[in-house]
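# Structural overview for review
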Amino acid sequence: MEEIQDILLDTQEHQLVFLEKVSEILKKYITSFNHRDKSVIKLCSQEELQNKFSEAEVHLSITSTQAPHQLKKMLRACELVLEYSTRTSHPLFMSQLYSQVDVIGLVGDWIATVLNTNVHTYEAAPVFTVIELEVIKKMTSLVGFPTEDSEGIFCPGGSISNLYGLHLARFAKFPKVKKQGNTGLPNKLIAFTSKQSHYSISKCMSLLGLGTDQLIEVETDQLGQIKIDRLEEEIIRSLEQGFIPFFMNGTAGTTVTGAFDDFEKMAQIAKKYDIWFHIDACWGGALLFSPELTSEYMRGASLCDSLSFNPHKLFGLPLQCSLFLSRHRGLLSRCNSSKADYLFHHDKLFAEMDLGDQTFMCGRKADAFKFWLSIKGHGDLWFQEKVERMAMLAKHLVQLITTFPEGAFALVSSSAVTVCFWYIPPPLRPFKGVLELSEHLQHLLHITTSRIRSQLQKNGSALIAYQPIGGQSNCFRLVFNHSDLTCEDLYRLLHLIQRCGDDFSYGS
């Protein structure tokens, strides 16, 4: 009798055996999500990874005459992928704006993948279409848009969501651009964003053919907020030079410092100069689920024209889960519709329910279902409590940093769910500020941060982000989004950093 491990996946029966075995492997992996004794990462070079898979007789390279592998080797390949991939589920994976996957959302992702459909027409995805409309309705209400006059669409990532903001802003200003392109514009359009905004704004300007030279990056204050007076000065200057201001981007939670712009004042300026006001809330939009945090950080968000939000970040929905919201119902369709008669038939049943012509894409996953299932499974209170707990942990870390023995740490900046800080090498203590240091000691502070980060990464104990802020030395940046993160984890992390840093040789 043929051994089950030796079978090829050449029949549906054998493929279902493979599915069952992999499901067991995944269930075991999921149960280990918060096991703190696991390494965050087993960092290997490309050559080392190639060797690991070759030893299991499942080469990473794909030959020109690739033969099918047996079940045993296929299962081993899956195990190796899990073993040598970064454990984003580990509480000390704090380097990115996403982390441990939400299991309810994961189930939604599996169901959507099993159905393998496209949310472009109602007949192809009737349930997913209705669900997407309901989630959009929920989120426009949460932002504060009038739900009957608003709309939205799920997108493949926050960068595309921001692209929709620029795309609609240009069309709203000059509808003829849809047919005539940028050559039909009466003059050069110009957009405004902060120097701390996400790089996707610049990339989108290039993609739309407007050019990065037509994007004004406005100065920010020490917290990373856009300077309102400088913003208006730049708008006035552009008007005097004959440009047409058409788009203004505010950020809810900048990537580095987690800063929130002043949306109320930005909305006033947008109205004064007739500029489309978009908010990139891909990270900070999660605060909308907390009335308290909304009041503190998101005031005025309801006044914007459009907003981007990524539930896959702080709420852990499976990547990717991103949405774009607009307070101008019907504009998505007018801007993007091509009325392809081979797909969007006007005389078919429920033709008015098709969502695909609102986008500039065709293929779209049922990403809304993951979010819908998570909302139904957790309830609103879970989302509120999670974001408020993350904010509480951020404040706790600030307290730990400022009271840590021997002055081993110094706070750089903090916002709702983002904290930046320095580890202070012994030769720099007591620390009186980076500007008080000589150029040599600033460089020492700079390289010490990256050395510690690399050491933690090599031994697999933690994975955290670092970067310079305002041209100063590298600092650590921690973002708060992990459901199982505790105060004890933060205390442990600071001790890991201190132990690593104190062990370095700093010379004289």
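See the structure above.
As the structure is a computational prediction, the values presented were derived from the model and not from experiment.

## Overview of the state of the cysteines
Note on terminology: a disulfide is the covalent bond linking the sulfur atoms of two cysteines. Scanning the model with the defined rule gives zero disulfides in all. Here C304 stays unpaired: no disulfide links it, and the sulfur of C282, its closest cysteine neighbor, is 12 Å away. Here C304 falls in the buried class, since its relative accessible area comes to 0%. Of the cysteine sulfurs around C500, a residue in no disulfide, the closest is that of C475, at 17 Å. A relative accessible area of 11% places C500 in the buried class.

## Remarks on the pairing of strand β8 (residues 322-326)
Most of β8 is tucked away, with five of its five residues classed as buried. Side chains S322, F324 and S326 of β8 all project onto a buried face; the interleaved residues L323 and L325 project onto the opposite face, where all are buried too. The sheet contact formed by strand β2 (residues 151-155) and β8 spans five bridges and is antiparallel. The residue of β8 that forms the bridge with G152 is L325. Summarising the sheet, strand β7 (residues 306-309) and β8 pair through four bridges and their orientation is antiparallel. Bridging across to β8, F309 finds its partner in L323.

## Some words on unusual backbone geometry
Omega for the peptide link from L319 to Q320 comes to 0°, which places this bond in the cis form. Residue position: Q320 is located in the loop between β7 and β8. Following R429, the chain continues to P430 via a peptide bond in cis, the omega torsion being -5°. Positive phi outside glycine occurs at N116, with the angle close to 50°. With phi around 70°, E406 is a residue other than glycine that occupies positive phi space. Looking at the element boundaries, E406 is found in the loop between α14 (380-403) and β9 (409-414).

## Examining the sheet that holds strand β4 (residues 215-218)
Strand order in the open sheet formed by seven strands is β2-β8-β7-β6-β5-β3-β4, with mixed pairing between adjacent strands. Among the strands making up the open sheet, the edge pair consists of β2 and β4. Across the sheet, the mean angle separating the axes of adjacent strands is 20° when strand polarity is ignored. In this sheet, strand β6 (residues 276-280) lies alongside strand β5 (residues 244-251) in parallel orientation, the contact comprising five bridges. Directly across from F247, in β6, lies its bridge partner W276.

## Observations regarding helix α8 (residues 200-207)
Residues S200, I201, C204 and M205 constitute the buried set of α8. All buried residues of α8 lie within an arc of 145° about the axis, which places them on one face of the element. Where the residues of α8 are buried, they touch α6 (158-173), β3 (189-194), β4 and β5.

## A word on the sheet that holds strand β1 (residues 93-94)
The five strands are arranged β1-β11-β12-β10-β9 in an open sheet whose pairing can be described as mixed. Either end of the sheet is taken by a strand with one partner, and the two such strands are β1 and β9. Sheet analysis places β9 next to strand β10 (residues 418-423), joined by five bridges and oriented antiparallel. Along β10, the bridge assignment pairs S413 with C420. Against the sheet, α14 makes contact with β9, β10 and β12 (474-479), and its axis sits at roughly 20° relative to β10, the strand it touches most. Running over the sheet, helix α16 (residues 487-503) touches β1, β9, β10, β11 (463-468) and β12 and is turned about 25° from β10.

## What to know about the nonpolar core
If you look at the biggest cluster of nonpolar residues, it comprises 134 residues, and the most contacted ones within it are F371, F421, F480 and I497. For this core, the leading source of residues is α14, giving ten residues. Counting residues in each nonpolar core, the second largest holds seven residues, with I7, V17, I25 and L75 among its members.

## A word on the packing of aromatic side chains
What describes a pair of aromatic rings is the distance from one ring centre to the other and the angle between the planes of the rings. Under the counting rule described, the total for this entry stands at 21 aromatic pairs. Centroid distance F128 to F369: 5.2 Å. Interplanar angle 50°. Geometry classified as tilted. Of this pair, F128 sits in helix α5 (residues 126-143) while F369 sits in helix α13 (residues 367-378); the two residues are 241 residues apart in sequence, bridging distant segments of the chain. Residue class for F369 comes out buried when judged on its relative accessible area of 9%. Between F309 and F315 the ring centres are 6.5 Å apart and the planes differ by 80°, which places this aromatic pair in the edge-to-face class.

## Points about the pattern of salt bridges
Counted according to the given criterion, the structure contains 17 salt bridges. The partner of E234 in a salt bridge is R230, and the shortest N-O contact between them spans 3.5 Å. In this pair, E234 and R230 both sit in helix α9 (residues 228-240), four residues apart, roughly one turn of the helix. Taking relative accessible area as the criterion, R230 reaches 22% and is therefore assigned partly exposed.

## Concerning the side chain of S473
Turning to its location among the elements, S473 is positioned in the loop between β11 and β12. Among the polar contacts listed, one links the side chain of S473 to the backbone oxygen of Q442, at a separation of 2.8 Å. In contact with S473, other than residues within four places in its own chain, are W422, V434, Q442, L445, H446, Q467 and P468.

How each quantity is defined
Residues numbered from 1 in each chain as written. Predicted model: local features only at pLDDT ≥ 70, side-chain atom pairs only at ≥ 80, totals over all residues. Heavy atoms only, no water. Disulfide = S-S within 2.5 Å. Buried < 20%, exposed > 50% of the residue type's maximum accessible area, 1.4 Å probe, protein only. Helix = DSSP H or I, 4+ residues; strand = E, 2+ residues; numbered from the N terminus. Pairing = 2+ DSSP bridges. Axes fitted to C-alpha atoms, helices over the stretch in contact; angles between N-to-C directions. Arc of directions from axis to C-beta. Contact = heavy atoms within 4.5 Å. Core = buried A, V, L, I, M, F, W, Y, C linked by side-chain atoms within 4.5 Å. Phe/Tyr/Trp six-rings, centres within 6.5 Å; stacked < 30°, edge-to-face > 60°. Salt bridge = Lys/Arg side-chain N within 4 Å of Asp/Glu carboxyl O. Polar contact = N/O pair within 3.5 Å; in protein donor to acceptor, adjacent residues only side chain to side chain.

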